[in-house]
Amino acid sequence: MSVKPFLRIDNIRKRFGPIVASDGVSLEIEEGEIHSLLGENGAGKSVLMSMICGMVRPDEGDIVYKGQSVRFASPRDAIRQRIGMVHQHFMLVPNLTVAENYILGQGSALSVISDMTSVHRKIRALSERYALDVRPDAIVEDLSVGEQQRVEILKVLFHGIDLLILDEPTAVLTPQETDRLLSLMGDLVKDGKTVVFISHKLDEVMRVSNRISVMRDGRVVNTVRVGETNARELARMMVGRDVRMELPRSPKPPGRIVLSVENLTCRAETGLPAVRGVSLDVRAGEIVGIAGVSGNGQTELSLALSGLLPVDAGRVILNGNDITGLDPAEINARRFSHIPEDRHKHGIVLPLSLSENTILQRYDRKPFATGGMLNRRVIGEHTRDLIKRFRVKSRDENQPIAALSGGNQQKLVVARELARDPDFILVNQLARGIDIGAMEFVMEEMLRQRDSGRAILLISTELEELFAICDRILVMFHGEILGELPPDRTRLDELGLLMAGNKDEPALAG
Amino acid sequence: MDDMISLTFLATLVGAAWRLATPLIFASIGEVFSERAGVLNIGLEGTMLVGAFCGFAAAAATGNIPLGLLAGIAGGMLFGLVFAFFTISIKADQIVVGAALNLLGMGLTAFLFRTYYVSTGKGIEIAQPVHIPWLSDLPFLGEAFFRQNLIVYSTVLVAILAALVLYRTSFGLTLRSVGEHPKAVDVSGRSVVGYRYAAVLVGTGLAGLGGAFLTLGHSNQFVEGITSGRGFIALAVVVFARWSPIGAFFVSLLFGLFYALQLMLQAQASIVVPYQVLQALPYIMTIVTLVAFRGKGAAPSKLGQPYEMR
Ligand SMILES: Nc1ncnc2c1ncn2[C@@H]1O[C@H](COP(=O)(O)OP(=O)(O)OP(=O)(O)O)[C@@H](O)[C@H]1O
Ligand SMILES: [Mg+2]
């Protein structure tokens, strides 16, 4: 088939202290293919790709690129060899323009920036060619996440690459943006480029890849052609057991109203109206979903409910008590759990240890503290228990949470919030960045919480997530709830129409 | 007061303001570089003192003012190297190291001065105003703008040059990025540590120059604590100026105006305000600006944070 592999990774090892991130990993990438990389959280995908693009140096092993053994000292070396990577976390300086970001680090340090017009011209030309819609003079921080992603991709193209590595590019994209990205990958391959694509979403992977490699525990366990496999088999390879894609759900009449929102109105941080008179009830023993394209007020709704954003009008009633305008600590103390959209901003404190992060809201209370002193033993036991139950991949409970892979950080947040014995659980993007094995587990856990009588509000842009566990789905558009549907896959079209803002469809009775 | 007198007063005031602003201009523009790269150097006061002392010592030994200025810059940079080593390489807390360097600067210069110079009581020649034909003789304008020494004039050049470097060169672009998103710079192949060292050295070199101006262009003597808080005021200037070099130039002039006003009002017999109140004017304005401009964005987002490489 292939004459000689375009890129060959040979028996690479990499440790971080006691953690083995790459345990003799070998992989071959062919020229002009889209090669997807799957694997559980912490399997070593990001670390492997960072070694290919010169960010991290391998301890042992060989990288053979275009027939030559290479050893990159920095990402710049890799870019010179026409290898570029779009990282899980963006590498764009927010207060610079797109063009300035592109020339960062180029040329000699002492050179004067003179020829910006030709840089702009080059950016416009590339942007047109791949329909990326990137303006060279836009300031990066003014752009949406999806736009920033396109800016990142164009940056790599601007530097001129043959091999493009995309690390979980779709985790933060809306379905429309994802479609656009996937077709862009096809265009790039047509232009003779090679793409490595990391994702946890099997449907995307099945759609675009030529070949798929599965990683487990720092090794590639299997490489298959896309035609020779299916989602179920891939899931089994990743997790090492069968993953249920459909979760059994017991029909159960919901109980009393736990959370009631009446006419809630609030503005975004920018001062623009974001939530416009939202009313909804969540009962004990039910999971209510909120679907919608991101940016339709979901972020502000969840921040306002949890006390992180001021409420302009309306009320939030929890267990019969008005909690509107209380501060987050008071709301937290009323058996209100929150799994936030942006875990780095609202969920965890990166430099603190796993233990410290698990008691963030309760560090001053029994059993974690007595008489103002922390009970290290109790805290440690509690954290170890959560780590075990939620299979958080970590060295021990005293490690800073920053050292965990993104998916494992998310698992710890979920574990902490469920362990607080809440009456109401607010979730915004349950499965952001977590692998399918963990997703199955977390979703089962949500259903268990529901069956034990808790009320759950699940905000998500992932329809799969909503269909899998919700009892009913509300659709949010432009800050309003447009309608309600049962979680019935046959009515996907209706849902799509509502998400696009089409209110006067007849079948709203749902 | 009739118009002529008040115009003369104004001209003198502006001339004095620029002179008094000069050390602040150097130090604050230097600090703009440092802070844009994410390094908050509160050790400016100590650094300026070292610059003032080195400048004085070198000029006293050689009688050569340019050499004295160079010694001031070198002294500041040497101090900056210590600061950079502890905060950038060792990743010690920038505030703690800065505070320690302030104390060290005060103690060290006082000690050396008492040991070697205080008994001699010797002054030095200072830089003299240059007479620019025609311009210096203009009525009022001449007094306000064209009777300064070369060091004072050079502040304009430094401000323009600083802005050009920061906004029009690859070095400046990278420096600004280092304070916002150091990892992006790392990925682009430039050394974050190298740029932070460079920024701190530019900053402390200019602070040293500002200090040296005090002994070589203003008073002809070194006095213990001669900077009298100018290093701290420069920190406030940077905030007020929104981390812009040209802004720092004009904000420093404003503070120079407060200094000059306080001096000239003290000399005015008709003013009944106690002189201590007037003396406190620049410091009061510092607090007012810091409170008024607190937390309004614009600060480099990684200011004060060491960079952890992966
Ligand atoms: N800088 C680091 N220091 C210590 N450990 C690290 C570091 N970077 C990665 N690791 C560890 O290496 C392992 C592999 O991490 P990696 O980020 O490659 O996982 P991943 O497959 O990308 O997971 P995810 O899907 O969650 O992004 C993890 O156990 C992680 O904790
Ligand atoms: Mg990863």
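Residues numbered from 1 in each chain as written. Chains lettered and ligands numbered in written order. Predicted model: local features only at pLDDT ≥ 70, side-chain atom pairs only at ≥ 80, totals over all residues. Heavy atoms only, no water.

**Thoughts on helix α3 (residues 65-89) of chain B**
Consideration 1: Relative to the 36 Å expected for 25 residues at 1.5 Å per residue, α3(B) spans 35 Å between its end C-alpha atoms, a close match to the ideal helical length.
Consideration 2: Backbone nitrogen of B:L67 and a side-chain oxygen of the N-cap are separated by 3.2 Å at the start of α3(B); the cap is B:N64. (Helix = DSSP H or I, 4+ residues; strand = E, 2+ residues; numbered from the N terminus. Expected span 1.5 Å × (residues − 1). Polar contact = N/O pair within 3.5 Å; in protein donor to acceptor, adjacent residues only side chain to side chain.)

**A look at the interface of chain A and chain B**
Consideration 1: Between chain A and chain B, the residue contacts involve 27 residues of the former and 20 residues of the latter.
Consideration 2: Overall, the association of chain A and chain B removes approximately 2000 Å² of surface from exposure, summing both partners, and the carbon and sulfur fraction of that is 62%.
Consideration 3: Of all residues in chain A, the largest losses of buried area upon contact with chain B belong to A:M91, A:L104 and A:I113, amounting jointly to 28% of the total for that side.
Consideration 4: A salt bridge links A:E100 to B:R176; its shortest N-O distance comes to 4.0 Å.
Consideration 5: Applying the counting rule to chain A against chain B returns 6 residue pairs in polar contact (both at pLDDT 80 or more).
Consideration 6: When contributions to the side of chain A that touches chain B are tallied by element, the ones reaching two or more residues are α1 (45-52), α2 (75-80) and α3 (98-103) of chain A.
Consideration 7: Of the residues in the side of chain A that touches chain B, the class split is 16 nonpolar, 9 polar and 2 charged. (Contact = heavy atoms within 4.5 Å. Buried area = accessible area lost by both parts, 1.4 Å probe. Salt bridge = Lys/Arg side-chain N within 4 Å of Asp/Glu carboxyl O. Nonpolar A, V, L, I, M, F, W, Y, C, P; charged D, E, K, R; others polar.)

**Notes on the pattern of salt bridges**
Consideration 1: Using the criterion set out here, one finds 40 salt bridges over all chains in the structure.
Consideration 2: Residue A:K393 is joined to A:D217 by a salt bridge in which the shortest nitrogen-to-oxygen separation is 3.9 Å. Residue A:K393 is located in the loop between α13 (376-389) and α14 (406-419), and its partner A:D217 is located in the loop between β9 (211-216) and β10 (219-225); the two are separated by 176 residues in the primary sequence.
Consideration 3: Judged by its relative accessible area of 49%, A:D217 is partly exposed.
Consideration 4: Salt-bridge contacts for B:R114 lead to B:E224; the nearest nitrogen and oxygen are separated by 2.6 Å. Of the two residues, B:R114 sits in helix α4 (residues 94-116) while B:E224 sits in the loop between α9 (192-218) and α10 (230-240), which places them 110 residues apart along the sequence.
Consideration 5: When its relative accessible area of 53% is taken as the criterion, B:R114 is described as exposed.
Consideration 6: Classification of B:E224 by relative accessible area gives partly exposed; the value is 33%.
Consideration 7: In this structure, a network of salt bridges that share partners links the residues A:R13, A:D23, A:E60 and A:R219. (Buried < 20%, exposed > 50% of the residue type's maximum accessible area, 1.4 Å probe, protein only.)

**Quick notes on the domain arrangement of chain A**
Residue and element names in this part refer to chain A.
Consideration 1: If you check the domain split of chain A, you get domain 1 (7-239) and domain 2 (257-499).
Consideration 2: Contacts between the two partners involve 21 residues from domain 1 and, on the opposite side, 19 residues from domain 2.
Consideration 3: For the pair domain 1 and domain 2, the summed buried surface comes to about 1400 Å²; carbon and sulfur atoms form 57% of the total.
Consideration 4: If you sort the residues of domain 1 by the area they bury against domain 2, N41, T174 and H200 come out on top, with a joint share of 33%.
Consideration 5: Counting the contacts that link domain 1 with domain 2 gives 2 salt bridges.
Consideration 6: One can count 4 residue pairs in polar contact (both at pLDDT 80 or more) joining domain 1 with domain 2.
Consideration 7: Looking at the side of domain 1 that touches domain 2, the elements that each hand over two or more residues are α6 (175-190) and α8 (231-239). (Domains from an automatic or database assignment.)

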